[in-house]
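# Report on the structure
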Amino acid sequence: MPHATASLTRRAGRFLRTSLFTQVLVALVLGVLVGRLWPQAGASLQPLGDGFVRLIKAMIAPLVFCVVVTGITKAGDLKAFGRIGVKALIWFEVATSIALVFGLLAGNVFAPGAGMHIDPASLDKGAVDAKTGGGQLPSAAQFVLESLPDSAVGAFAENSLLQVLVLACLVGAALLHLGQKKVPQILPVIEQAQDVVFTIVGFLMKLAPLAVLGATAHLVGEYGLGAMSTYGKLIAVCYGVALVFLLLLGCALKAVTGLSLWKFVRYTREELLLALGTGSSETVMPRMMQKLRAAGCRDDAVGLVLPTGYSFNLDGASIYLSIGTLFIAQAIGVDLSLGQQITVVLVLMLTSKGMAGVPGSAFLALSATASALGVIPAAAVALLLGVDRIMDSMRVATNLLGNCVAVFAVSRWEGALDRVTAKKVLNGELPASAQPDRPAEQERAAEPATADAAKPREAAAGPGAASVTTRDT
């Protein structure tokens, strides 16, 4: 018996050392305990999570640039890249609209704010201003203008993904126009830079458990568990609607691609748990790009759809905003008519597109919605201050899975998905860590010699696996 116990202990220790999922899960539990037992100490650990997020963000812009440029040049068809962009925007608009409508329906049926009888005059509007830093969401024209870079260096320095995407499209188009004979060394350099970035991300991921420990301890220590009871019905409705929406996404994924969303969740469980622990989906974007490419999605589809979705496809945020608007109205005793609720959907469809990267963006969107309705005082938005951070897990998980489903769906729609490879990877028959890691010279040798000869490769035996060197770091 002692020998069996020692053997079990050794196996558990080895599993803890080698499994990132287990490490993050243990860190999550420790964070809750630290925040609950020593609130002040837990609240002071936030720099661990913030530092990790900063390091990962530093890698996102160069990674997106490299993936998009190589994706365009390997696909050899700039028109196909444009079609992917248009199809992605169509998918994003449909998905976010459905999420908004789901939220409004649930808010009407379950009425999470009913019976609270809050006096708006008793609320402190200054708390909302402090949360948002006095900022505001960009207008439609400003949003489009700010998506265009005015400096190549500035786009990377400011970590503006849309500006980096525009630059990457221009560089990829230029490489296609010039051809390999005029610029034979550029693409290999970009591919090698991509390998360097992925390697750095692999190093940084070793710090993920510390980041989760710090972020979770801060959340529990700063806000406590009391908000769970105060806003219990609102939290339950939001998470319940998010679950129903994800089930709908799973059905859509199965219908369009034949793939299982549950198997994808299992395949990316480490990344999902890390995103939940840190409250940020950006921390796992590099790893998600790796795993989507390993799962049969072509480089150009992954490089365009996933980063763009971070600005245009915020399904979880849409659910929260629509339910949150009704919660506020119900809490202060305002009965919104059908016409006013339609206005809520239309306003949120616009404001949700400019939320990414704006501090306190959810409150800015709610304030804009309240102003458009004209019947909800702006100060009433402060009602959600106590529960906003708890909603991060719902928003992050729904946004992230929504964007990944979009990558698969748009890839299938464009003929840029190798479903054979995808099914093998999601079934565990061909894990990402077992993908052949070919040198760049071999990979380029397998590609067409010129851009004009490149063709879409969905019908090939393994386009998803052969189009990119992938390491599951």
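Refer to the preceding data block for the structure.
We now turn to the structure provided with this report. (Residues numbered from 1 in each chain as written. Predicted model: local features only at pLDDT ≥ 70, side-chain atom pairs only at ≥ 80, totals over all residues. Heavy atoms only, no water.)

## Quick word on the packing of helix α18 (residues 315-331) against helix α19 (residues 338-351)
For clarity, the cut-off: Each axis is a line fitted through C-alpha atoms, taken for helices only over the stretch in contact, and angles between the N-to-C directions span 0 to 180 degrees. Numbering of helices and strands runs from the N terminus; a helix is a DSSP stretch of H or I covering at least four residues, while a strand is a stretch of E covering at least two. Here the angle decides the label: under 35 degrees means roughly parallel, over 145 means roughly antiparallel, 65 to 115 means roughly perpendicular, and every other value means oblique. Helix crossings are classified by the rotation of the near helix relative to the far one: an anticlockwise turn of less than a right angle makes the crossing left-handed, while a clockwise turn makes it right-handed. Note on definitions: a residue-residue contact is assigned when non-hydrogen atoms from the two residues lie within 4.5 Å. Throughout this entry, Asp, Glu, Lys and Arg are counted as charged residues, while Ala, Val, Leu, Ile, Met, Phe, Trp, Tyr, Cys and Pro are counted as nonpolar. The remaining residues, Gly among them, count as polar.
Across the interface, α18 lies against α19 with an axial gap of 10 Å and an inter-helix angle of 140 degrees. By the angle between their directions, the pair α18 and α19 is classed as oblique. In this structure, α18 meets α19 at a crossing whose hand is right-handed. From α18, Leu 321, Ser 322, Thr 325 and Leu 326 reach across to α19, where they touch Gln 341, Val 344 and Leu 348. Split into classes, the residues belonging to the contact of α18 with α19 amount to four nonpolar, three polar and no charged.

## Here's the deal with the nonpolar core
For the record, the criterion: Residue types Ala, Val, Leu, Ile, Met, Phe, Trp, Tyr and Cys, when buried and joined through side-chain atoms within 4.5 Å, form a set referred to as a nonpolar core. Throughout, exposure labels follow a simple rule: accessible area from a 1.4 Å probe, protein chains only, divided by the maximum for the residue type, with under 20% read as buried, over 50% as exposed, and the rest as partly exposed.
Counting residues in hydrophobic clusters, the biggest one holds 125 residues, and the most contacted among them are Val 64, Leu 234, Phe 264, Leu 384 and Phe 408. The element that contributes the greatest number of residues to this core is helix α4 (residues 46-75), accounting for 13 residues. The contacts of Val 64, once residues within four sequence positions are left out, are Leu 161, Val 164, Leu 165, Met 285, Met 289, Gly 303 and Pro 307.

## With respect to the packing of aromatic side chains
This is how it is decided: Stacked, edge-to-face and tilted labels apply to pairs of Phe, Tyr and Trp rings (six-membered ring for Trp) whose centres lie within 6.5 Å, assigned for plane angles under 30 degrees, over 60, and everything in between, in that order. Working rule: Lys NZ or Arg CZ, within 6 Å of ring centre, within 35 degrees of ring normal, means a charge sits over the ring.
Tallied over the full model, the rule gives four aromatic pairs. Their ring planes at 85 degrees and their centres at 6.4 Å tell us that Phe 102 and Phe 245 sit as a pair that is edge-to-face. Of this pair, Phe 102 sits in helix α5 (residues 78-110) while Phe 245 sits in helix α13 (residues 232-257), and the two are 143 residues apart along the sequence. A relative accessible area of 26% means that Phe 102 is categorised as partly exposed. For Phe 245, a relative accessible area of 2% gives the class buried. Following the ring pairs from residue to residue traces out a cluster consisting of Phe 264, Tyr 267 and Phe 408. The lysine or arginine in question, Lys 291, covers the ring of Tyr 267, its NZ or CZ lying 5.0 Å from the ring centre.

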